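Understanding the architecture of this molecule
Here is how the chains run, residue by residue.
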Amino acid sequence: MDRGKIKGHAALWTANIIWGLNAPICKSVLVSDDNPGGVDPFALSVYRMAGAALLFWSISLLLPRERVAPRDVFMLLLASVFGIQFNQMLFLWGLSLTSPIDSSIIATIVPVLTMLLAALFLREPITWLKAGGVALGCFGALMLILASGHATGRISSVKGDILCIISAISYATYLTAFRNTIVKYSPVTTMKWMFLFAAIVALAIYRKPLAAVDYAALKPRTWAGIGYVVVCSTFVSYLTVPIGQRYLRPTVVAMYNYVQPVVAVLFTVILGLDGFGFTKAAAALCVFTGVWLVTRSKSRDQMAPRPPQH
């Protein structure tokens, strides 16, 4: 494996370990019947967009300036809509209405959608190895989530589930339709523009929920959760995912979604809130084997006929 791919896999491991802890932490921050002192999901969306925009633009001042073509600025605006605004805002809204287990199950469709959309937008072949890897990883993730169902809330909502599904579709679209623009520039450059657009939209639309938060009543653990969501789940993760996009195919990037429930389960086991038996071990093995199979599947370039040697 070349150094670029190693860097891409390391970046995706970092992002998805962070995201594996994101759903339970977000749920503890968001306002609900069990947590009346929490934060409105739209206000949390503004914190994510504005906070990440400030961090990316601050870091960009320390780096060489990278010029972005006007057409690509427009493409980054569209990428922001699908990769950040629809994806994150709808996810937080949906999570506030439904259970973390529902949102985790719905997230398992992202690699499937990404495989199909990569075939549509990027002409990536759907090989038996790739399809088998996606199916095996999906099976392992679902088995792991369902086996750990007692460890999370069971309050479901059709509206919340639909919002999470739209969020998943949006993210899969971002990974495929805008890949060629994302890999042109450094992660800081792409993300500073994408989050700037997202922050402007979020501040314009969600001023009222932002002003309605009783900041004096927020508990220290809520502030800590907000800090994790803004700095880790948003800034660090969105800094590392473009690195994975640069060196790895979209379906491989999306397959790392299946690592998130593994991380969440291991976290609950470490805290002593759950056990780790044969079923969960087998499910985790399915996830990692599925990711490996997709990584080993052939790309479009590898399957293209080579010119005869003279």
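Residues numbered from 1 in each chain as written. Predicted model: local features only at pLDDT ≥ 70, side-chain atom pairs only at ≥ 80, totals over all residues. Heavy atoms only, no water.

Let us look at the overall build of the chain. A tally of helices and strands in the chain yields 16 helices and 0 strands. Against the globule reference of 19 Å for 310 residues, the chain gives a C-alpha radius of gyration of 19 Å, in line with a compact fold. Over its C-alpha atoms, taken along the principal directions, the chain stretches across nearly 75 × 50 × 35 Å. Put simply, the chain has 310 residues, and 52% of those count as buried. Looking at the chain alone, contacts between residues at least 24 apart form 89% of all its contacts between residues at least 6 apart. About 15000 Å² of surface is accessible on the chain, with carbon and sulfur atoms providing 68% of the total. When the 26 positive and 12 negative side-chain charges of the chain are each reduced to one mean point, those points stand 10 Å apart. (Helix = DSSP H or I, 4+ residues; strand = E, 2+ residues; numbered from the N terminus. Rg over C-alpha atoms; globule rule 2.2 N^0.38 Å. Buried < 20%, exposed > 50% of the residue type's maximum accessible area, 1.4 Å probe, protein only. Contact = heavy atoms within 4.5 Å. Areas by Shrake-Rupley, 256 points an atom, 1.4 Å probe, with all protein chains shown as cover. Lys, Arg positive; Asp, Glu negative; His and termini not counted. Charge placed at Lys NZ, Arg CZ, Asp CG, Glu CD.)

What follows deals with the packing of helix α6 (residues 109–121) against helix α7 (residues 128–147). Packing of α6 against α7 brings their axes to within 9 Å, and their N-to-C directions diverge by 160°. By the criterion of interaxial angle, the relationship of α6 to α7 is roughly antiparallel. Between α6 and α7 lies a crossing whose hand is left-handed. Judged by residue contacts, Pro-111, Val-112 and Met-115 of α6 engage Lys-130, Ala-131 and Val-134 from α7. Class assignment for the residues of the contact of α6 with α7 results in 5 nonpolar, no polar and 1 charged. (Axes fitted to C-alpha atoms, helices over the stretch in contact; angles between N-to-C directions. Parallel < 35°, antiparallel > 145°, perpendicular 65-115°, else oblique. Left-handed = near helix turned anticlockwise from the far one by under 90°. Nonpolar A, V, L, I, M, F, W, Y, C, P; charged D, E, K, R; others polar.)

Here Arg-249 lies in the loop between α12 (220–247) and α13 (250–255). No salt bridge is formed by the buried Arg-249. Its closest oppositely charged neighbour is Glu-124, at 4.3 Å. A polar atom in the side chain of Arg-249 sits 3.4 Å from the backbone oxygen of Thr-295. (Salt bridge = Lys/Arg side-chain N within 4 Å of Asp/Glu carboxyl O. Polar contact = N/O pair within 3.5 Å; in protein donor to acceptor, adjacent residues only side chain to side chain.)

Next up on the list: helix α2 (residues 22–29). Buried within α2 are the following residues: Asn-22, Ala-23, Cys-26 and Val-29. Looking straight down α2, one finds that the buried residues subtend no more than 125° of arc, so they occupy a single side. Of the surrounding secondary structure, the elements contacted by the buried residues of α2 are α1 (3–20), α3 (41–60), α4 (70–97) and α12. (Arc of directions from axis to C-beta.)

Take a nonpolar patch on the surface next. Together, Ile-59, Leu-61, Leu-62 and Leu-63 make up an exposed nonpolar region whose accessible area comes to about 430 Å². Tracing the chain through its elements places Leu-61 in the loop between α3 and α4. (Patch = residues over 30% accessible without salt bridge, like charges linked within 9 Å, V, L, I, M, F, W, Y side chains within 5 Å.)

Mapped onto the secondary structure, Ala-264 falls in helix α14 (residues 259–270). Taking C-alpha positions, Ala-264 is 35 Å from Leu-61, a pair spaced 203 residues apart along the chain.

Counting 57 residues, the largest nonpolar core has Met-49, Tyr-174, Met-194 and Phe-195 as its most contacted members. Counting residues in hydrophobic clusters, the runner-up holds 15 residues, among them Cys-26, Tyr-47, Leu-95 and Ile-226. (Core = buried A, V, L, I, M, F, W, Y, C linked by side-chain atoms within 4.5 Å.)

What follows concerns the packing of aromatic side chains. One pass over the full model with this rule turns up 16 aromatic pairs. Ring geometry for Trp-13 and Phe-288: centres 5.9 Å apart, planes at 40°, overall tilted. Taken as a pair, Trp-13 in helix α1 and Phe-288 in helix α15 (residues 278–296) lie far apart in primary sequence, 275 residues in all. A residue is classified by how much of its surface remains accessible, and Phe-288, at 35% relative accessible area, is partly exposed. Where Phe-42 meets Tyr-206, the ring centres are 4.6 Å apart and the plane angle is 20°; that geometry is what we call stacked. (Phe/Tyr/Trp six-rings, centres within 6.5 Å; stacked < 30°, edge-to-face > 60°.)

What follows deals with the packing of helix α5 (residues 100–107) against helix α8 (residues 158–177). Axis separation between α5 and α8 bottoms out at 9 Å; the angle between their running directions is 35°. Crossing hand, α5 versus α8: right-handed. Every residue of α8 that contacts α5 at Asp-102, Ser-103 and Ile-106 is listed here: Asp-161, Cys-164, Ile-165 and Ala-168. Within the contact of α5 with α8, the residues separate by chemical class into 4 nonpolar, 1 polar and 2 charged.

Before going further, it helps to examine the environment of Val-294. For Val-294, the position within the fold is in helix α15. Each C-alpha atom, one on Val-294 and one on Leu-129, is 6.6 Å from the other, the two residues being 165 residues apart in sequence. When sequence neighbours within four positions are dropped, the list of residues in contact with Val-294 reads Lys-130, Gly-133, Val-134, Arg-249, Thr-251, Val-252 and Met-255.

Right, let's get into the side chain of Lys-192. Topologically, Lys-192 is positioned in helix α10 (residues 187–205). Excluding residues that lie within four positions of it along the chain, Lys-192 makes contacts with Phe-56, Trp-57 and Ser-60.

Let us now look at the confidence of the model for the chain. Detailed reading of predicted coordinates is not advised where the pLDDT is low. Overall, the prediction assigns the chain a mean pLDDT of 85, with 91% of residues at 70 or greater. Averaged pLDDT values for the elements of the chain fall to 56 in helix α16 (residues 300–303) and rise to 95 in α10. (pLDDT = per-residue confidence, 0-100.)

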